[in-house]
Amino acid sequence: FNVAAADGPHRLDLGTTLYAATMWQDPQGRQLLYGWMQEHRRVPTPPALCEDFCYAGCISTPRVLQLVGDRLYQTPLPEVDSLRTQVSWHAEDLSLSPEGPQVPLQVVSGTHLDINITFQPPAQLPLPATPFGAAA
């Protein structure tokens, strides 16, 4: 890897939440990264509402870093999947718009949720025009 000839810098994350990123190599030889996720909400000073604000920030989920050609890629650590429960909810063919309706999550509840969502526009949906033609 040639730092002097590198294209970049490029953002590792979007936003300002990840702080103090730390890397290490695991026994399988993978390059892993985690960091401190800063707290951005306004937490009242104790003792006010301490039971509602029992933490301030947390450690991120570990990621696997991989250099492919001259680009750095990151993916969630696969072992994190073993922490998930089998409680899930699935829906498809939902129409979404800014006006609603809201889609309630049936069966799933908790203070921490792992949400995977995929949006796929209908095939007949026209692409919006841009100064350079249709959006790709």
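Placed above this text is the structure.
Residues numbered from 1 in each chain as written. Predicted model: local features only at pLDDT ≥ 70, side-chain atom pairs only at ≥ 80, totals over all residues. Heavy atoms only, no water.

1. Quick word on the overall build of the protein chain
So, point 1. Counting its secondary structure elements, the protein chain contains zero helices and seven strands.
So, point 2. For the protein chain, the α and β elements follow one another from N to C terminus as β-β-β-β-β-β-β.
So, point 3. Taking all 136 residues of the protein chain together, 10% fall into the buried category.
So, point 4. Once local pairs closer than 6 in sequence are excluded, the contacts in the protein chain between residues at least 24 apart make up 28%. (Helix = DSSP H or I, 4+ residues; strand = E, 2+ residues; numbered from the N terminus. Buried < 20%, exposed > 50% of the residue type's maximum accessible area, 1.4 Å probe, protein only. Contact = heavy atoms within 4.5 Å.)

2. Focus on unusual backbone geometry
So, point 1. The phi dihedral of A20 falls on the positive side, at around 55 degrees, and the residue is not glycine.
So, point 2. Turning to its location among the elements, A20 is positioned in strand β1 (residues 18-25).

3. Focus: a nonpolar patch on the surface
So, point 1. Where nonpolar side chains cluster on the molecular surface, the patch consists of L94, L96, L113, I115, I117 and F119 and spans about 650 Å² of accessible area.
So, point 2. Looking at the secondary structure, you find L96 in the loop between β5 (71-76) and β6 (129-130).
So, point 3. With relative accessibility at 53%, the residue L96 sits in the exposed group. (Patch = residues over 30% accessible without salt bridge, like charges linked within 9 Å, V, L, I, M, F, W, Y side chains within 5 Å. Areas by Shrake-Rupley, 256 points an atom, 1.4 Å probe, with all protein chains shown as cover. Salt bridge = Lys/Arg side-chain N within 4 Å of Asp/Glu carboxyl O.)

4. Looking at the pattern of salt bridges
So, point 1. Inspection of every chain in the model, using the stated rule, returns two salt bridges.
So, point 2. We note a salt bridge from D26 to R30, for which the minimum N-O separation is 2.8 Å.
So, point 3. A residue is classified by how much of its surface remains accessible, and D26, at 10% relative accessible area, is buried.
So, point 4. Taking relative accessible area as the criterion, R30 reaches 19% and is therefore assigned buried.
So, point 5. Close ionic contact of R30 with E79 constitutes a salt bridge, the shortest N to O distance being 2.8 Å. With R30 in the loop between β1 and β2 (31-37) and E79 in the loop between β5 and β6, this residue pair connects regions lying 49 residues apart in the sequence.
So, point 6. Classification of E79 by relative accessible area gives partly exposed; the value is 38%.
So, point 7. When salt bridges with common partners are traced through the structure, they connect D26, R30 and E79 into a single cluster.

None of this, on its own, says anything about what the molecule does.
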